[in-house]
Amino acid sequence: MKQPKIDIHCHTTSRPLTGVGSSDASIAAIRRNMHEHDIATTVLLATYFPHKGSGVTNYRLHNWIRDEPSMVMFGSLDMEHYFNQGMSELEELAAERKIHGIKFYTGYQTIGLADDKTRTVLRLAEEYALPVAFHAGYSHGAEKLGKGSFTDFVKPSMIAKATEAYNI
């Protein structure tokens, strides 16, 4: 039996893009690519890039894909500037089963993997049995904006240590 294909890491925007693989990352373009490549499910990630002053918020992303059964979302939050607001959003979306996981933008935000904020998000993920994802590797465009990537400091062993107390 042929297994369904799943795209586990996708971002969207309503703006034209330059300098990346595709100039169109709209929901319609993602839907076309899914059809063309026989992808059954795409996981879209809410984005919070404080150093860019941009992103696609949890509720905006939810509104864009709520009628797209083949698209699910991972929520996120701005850990540096709007933590309490972001936690409120994630708690509400998790309680309503509108998110399927939580993404930490360790490559774009200063996030202490052992701090109280991270533990608060991990407890929420555990409570709602949500997987968590941590950005690692290259941080697109960070150098152009005068901010280096933090991901050189985030190693799998650090993520394992930060999450070992949780069933996630």
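For the structure given in this document, a descriptive report is provided here. (Residues numbered from 1 in each chain as written. Predicted model: local features only at pLDDT ≥ 70, side-chain atom pairs only at ≥ 80, totals over all residues. Heavy atoms only, no water.)

**Comments concerning the sheet that holds strand 2 (residues 39-45)**
Selection rule: DSSP bridges decide pairing: two strands pair if at least two such bridges lie between them. Secondary structure counts use DSSP, requiring at least four H or I residues in a row for a helix and at least two E residues in a row for a strand, with both numbered from the N terminus. Every axis in this analysis is a line fitted to C-alpha atoms, fitted for helices over the stretch in contact. Angles between the N-to-C directions lie between 0 and 180 degrees. It only takes one pair of heavy atoms within 4.5 Å for two residues to be counted as in contact.
Across the sheet, 3 strands lie side by side as 1-2-5; this open sheet has parallel pairing. Strand pairing shows two members of the sheet lacking a second neighbour, strand 1 (5-10) and strand 5 (71-74), which therefore form its edges. Across the sheet, the mean angle from the axis of one strand to that of its neighbour is 20°, orientation sign disregarded. In this sheet, strand 2 lies alongside strand 1 in parallel orientation, the contact comprising 4 bridges. The residue bridging Asp7 from the neighbouring strand is Thr42, located in strand 2. The sheet contacts of helix 1 (residues 27-36) involve strand 1, strand 2 and strand 5, and relative to strand 2 the element is tilted by about 150°. Here helix 2 (residues 58-65) sits on the sheet and contacts strand 2 and strand 5; the angle it forms with strand 5, its principal contact strand, is near 175°.

**Observations regarding unusual backbone geometry**
Rules: Whether a residue is buried, partly exposed or exposed follows from its accessible area with a 1.4 Å probe, protein chains only, as a fraction of its type maximum: under 20%, in between, or over 50%, in that order.
With a phi close to 55°, Asp38 is a non-glycine residue in the positive phi region. By secondary structure assignment, the location of Asp38 is in the loop between helix 1 and strand 2. Overall, the relative accessible area of 44% leaves Asp38 in the partly exposed class. A positive phi angle, close to 55°, is found at Arg97, a residue other than glycine. Looking at where Arg97 falls in the secondary structure, it is placed in the loop between helix 3 (83-95) and strand 6 (102-104).

**Overview of the packing of aromatic side chains**
Put simply, the rule is: Any two of the Phe, Tyr and Trp rings considered here, Trp counted by its six-membered ring, make a pair once their centres fall within 6.5 Å; the pair's planes then place it as stacked at under 30 degrees, edge-to-face at over 60, or tilted in between.
One pass over the structure, following the stated rule, counts 1 aromatic pair. Centroid distance Phe104 to Phe134: 4.7 Å. Interplanar angle 5°. Geometry classified as stacked. Separated by 30 residues along the polypeptide, Phe104 in strand 6 and Phe134 in strand 7 (residues 132-134) bring together distant segments of the chain.

**Notes on the pattern of salt bridges**
Note the cut-off: The salt bridge criterion pairs a side-chain nitrogen of Lys or Arg with a carboxyl oxygen of Asp or Glu, the two atoms within 4 Å.
Applying the stated criterion to the full structure yields 5 salt bridges. Among the salt bridges present, the one from Glu96 reaches Lys98, with a minimum N-O distance of 2.7 Å.

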